[in-house]
Amino acid sequence: MRQVGADPHRTAQRAATLVLAGAIGAAAAFVLRFNPTDRVADPTGPCLWHALTGINGPSCGGTRMFYYLLHGDLVDAARHHLAALVAVPFLLYAGVRWAGIAWLGRELPALRLSPRVYWAYGVAFVLYSTVLRNLPWPPFTWFDIPNLTP
C-alpha cells in the first residue's frame, strides 16, 4: 500500500463513498424486506426485460442473486446470475481501494487487467445473460430464471 498525496477533492470522495455505501445498504435492506424468491409481488414489479420479451436478459435474476449472496448461498447466487456474481469480488476490491484512498490516504495496488479481459467479460456477460440462459436443454436450463411475479 502506498501513501497518496493530499487531494483537494478528498471531502467529495469521502461523501461519494458514503453515498455508495448507503445505496448498497438500502438495496440490501430492500431485498431483505421484500424477498425476491417468493411469489409475492414486490413494489418494483417484475423484471421489465422478461415482461417485455418473455426471455431472460442481462438484468434478470440480479436481485435474486444479490438476495442469495446476502444469505451466503453461493450456489443459488450463481444459478440466478453467474456472470454478475463473477464481477462481485472485482467490484468489492475496487470499492475498498477507492475508500482506502478517500478515507485513509492509502492506495491498494490497482488491478492490472488487459482491456481484452474487460471486453471478453462484457461479451461473455451478454452471451450468457441473453443466449445461454435461454437455451432449452441441460445444463443451460439450470440457469433459467423463471418470472416469479404473478
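Residues numbered from 1 in each chain as written. Predicted model: local features only at pLDDT ≥ 70, side-chain atom pairs only at ≥ 80, totals over all residues. Heavy atoms only, no water.

Draft legend 1. Examining the nonpolar core more closely. By size, the foremost hydrophobic cluster in this structure holds twelve residues: V31, M65, Y67, Y68, A77, A78, A83, A84, L85, F125, Y128 and F143. Put simply, the parts of the chain that give this core at least two residues each are α3 (62-70), α4 (74-104) and α5 (115-130). With five residues, α4 is the single largest residue contributor to this core. Other than its neighbours up to four places away in sequence, A83 contacts Y121, F125 and Y128. (Core = buried A, V, L, I, M, F, W, Y, C linked by side-chain atoms within 4.5 Å. Buried < 20%, exposed > 50% of the residue type's maximum accessible area, 1.4 Å probe, protein only. Helix = DSSP H or I, 4+ residues; strand = E, 2+ residues; numbered from the N terminus. Contact = heavy atoms within 4.5 Å.)

Draft legend 2. Representation of the confidence of the model for the protein within the structure. In the predicted model, the protein carries a mean pLDDT of 88, and 92% of its residues have values of at least 70. The spread of mean pLDDT over the elements of the protein runs between strand β1 (residues 2-3), the lowest at 61, and α5, the highest at 95. (pLDDT = per-residue confidence, 0-100.)

Draft legend 3. Broad picture of the pattern of salt bridges. With the rule as written, the count across this model stands at one salt bridge. Of the charged contacts in the structure, one is a salt bridge between R97 and E107, with a shortest N-O distance of 2.4 Å. Placement of R97 in helix α4 and of E107 in strand β2 (residues 106-107) is noted, with a sequence separation of ten residues between them. Given the relative accessible area of 14%, E107 is considered buried. (Salt bridge = Lys/Arg side-chain N within 4 Å of Asp/Glu carboxyl O.)

Draft legend 4. Focus on the side chain of T17. Following the sequence through the fold, T17 ends up in helix α1 (residues 10-33). Taking relative accessible area as the criterion, T17 reaches 9% and is therefore assigned buried.

Draft legend 5. View of the packing of aromatic side chains. Scanning all chains against the criterion turns up five aromatic pairs. Judged by centre distance (5.6 Å) and plane angle (85 degrees), the ring pair of Y128 and F143 falls under edge-to-face. Separated by 15 residues along the polypeptide, Y128 in helix α5 and F143 in the segment after α5 bring together distant segments of the chain. Across the pair, F143 and Y128 agree in class, each one buried. (Phe/Tyr/Trp six-rings, centres within 6.5 Å; stacked < 30°, edge-to-face > 60°.)

Draft legend 6. Layout of α5. With 16 residues, α5 extends 23 Å between its outermost C-alpha atoms, agreeing within 8% with the 22 Å of an ideal straight helix rising 1.5 Å per residue. Of the residues making up α5, those classed as buried are F125, Y128 and S129. The buried residues of α5 occupy an angular sector of 85 degrees when projected down its axis, which confines them to one face. Residues of α5 that are exposed and point over 90 degrees away from its buried face: P115, R116, W119 and V123. Along its buried surface, α5 packs onto α4. (Expected span 1.5 Å × (residues − 1). Arc of directions from axis to C-beta.)

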